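# Results of the structural survey
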Amino acid sequence: MQQFKPFKPPAKSHTMKINPAPLILAIPGRTIQAKSIPLTIEVSAQGKLAHIRIEGEISAWSGNSAAEFRRQIQEAIKSGATDVHLYINSIGGSVLIANEIVNEIKKFTGEVTGEGGAIVASAATYIAIHCKSFKLASNGTYLIHKPYGAVMGNEDEIASSL
């Protein structure tokens, strides 16, 4: 595994699934929409160590899934977990949801370490950089890019935004 050192800023197990979002593959001259990859987050605690597994596209929370994730984090902390080990295998998605995942993980008082699977991309890297240490599988891909944005409005509003 490759070692990344980003900047600093099993007991009962729970699984939650969040609305799947489609994976869009961009190929010059065409766009292909692949099967949806649902976000799955599993939280378990064993002694002082909590394990959090994040897989799939980080997409919109559905129903009370954000509340369920918070409840699972609180349960792990109440059981005595102070340290966290993350496993991430995600193409990324919403940086706002990734930020909320980080906010919940920061509730642990100990050290946060992590490892990545085949891909840790886009918004998933935002979660990874909050680990004290992070290891990526030797065949894994770590993708950081400039943020994507859009401007909406009439011609004058768009021109004033440029």
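Here the structure is a predicted model, which is why all the values come from computation and not from measurement. (Residues numbered from 1 in each chain as written. Predicted model: local features only at pLDDT ≥ 70, side-chain atom pairs only at ≥ 80, totals over all residues. Heavy atoms only, no water.)

Attention shifts here to helix 2 (residues 95-105). The complete set of buried residues in helix 2 reads Ile97, Ala98, Ile101, Val102, Glu104 and Ile105. Here the buried residues of helix 2 occupy an arc of 160 degrees about the axis, which is enough to place them on one side. Between the side-chain oxygen at the start of helix 2 and the backbone nitrogen of Leu96 there is a gap of 3.3 Å, and the oxygen is on Ser94. (Buried < 20%, exposed > 50% of the residue type's maximum accessible area, 1.4 Å probe, protein only. Helix = DSSP H or I, 4+ residues; strand = E, 2+ residues; numbered from the N terminus. Arc of directions from axis to C-beta. Polar contact = N/O pair within 3.5 Å; in protein donor to acceptor, adjacent residues only side chain to side chain.)

Below, the discussion takes up the nonpolar core. Of all hydrophobic cores here, the largest spans 30 residues; its most connected members are Ile52, Ile58, Leu86, Ile101 and Ile127. Per-element accounting of this core gives the leading share, five residues, to helix 2. (Core = buried A, V, L, I, M, F, W, Y, C linked by side-chain atoms within 4.5 Å.)

Now for the side chain of Thr125. Note that Thr125 resides in helix 3 (residues 123-128). The exposure class of Thr125 is buried, given its relative accessible area of 7%. A polar side-chain atom of Thr125 sits 2.5 Å from the main-chain carbonyl oxygen of Ser122. Each residue touching Thr125, except ones within four places of it in the same chain, is listed here: Val120, Tyr142, Leu143 and Ile144. (Contact = heavy atoms within 4.5 Å.)

This structure, assessed with the given rule, holds one aromatic pair. Ring centres of Phe134 and Tyr142 lie 6.2 Å apart, and the angle between their planes is 55 degrees; this geometry places the pair in the tilted category. Positioned over the ring face of Tyr87 is Arg53, at 4.1 Å from the centre of the ring. (Phe/Tyr/Trp six-rings, centres within 6.5 Å; stacked < 30°, edge-to-face > 60°. Lys NZ or Arg CZ within 6 Å of the ring centre and 35° of its normal.)

What follows concerns the pairing of strand 9 (residues 133-136). With burial as the criterion, only one face of strand 9 is covered, namely that bearing Phe134 and Leu136; the residues Ser133 and Lys135 on the opposite face remain uncovered. Direction of pairing for strand 8 (residues 112-121) relative to strand 9: parallel, over a ladder of four bridges. From the neighbouring strand, Glu115 faces strand 9, where its bridge partner is Lys135. For the crossover that starts at strand 8, traverses helix 3 and ends in the parallel strand 9, the hand is right-handed. (Pairing = 2+ DSSP bridges. Right-handed = clockwise from strand over helix to strand, strands pointing away.)

What follows concerns the confidence of the model for the protein. The predicted model of the protein averages 81 in pLDDT, with 74% of residues at 70 or higher. Ignoring residues within four places in sequence, the model shows residues 7-27, a span with pLDDT below 50, making 70 contacts including any to other chains. (pLDDT = per-residue confidence, 0-100.)

What follows deals with the environment of Lys107. Its place among the elements puts Lys107 in the loop between helix 2 and strand 8. Separated by 30 residues in the primary sequence, Lys107 and Ile77 place their C-alpha atoms 8.3 Å from one another. For Lys107, the side chain forms a polar contact with the side chain of Glu104, separated by 2.9 Å.

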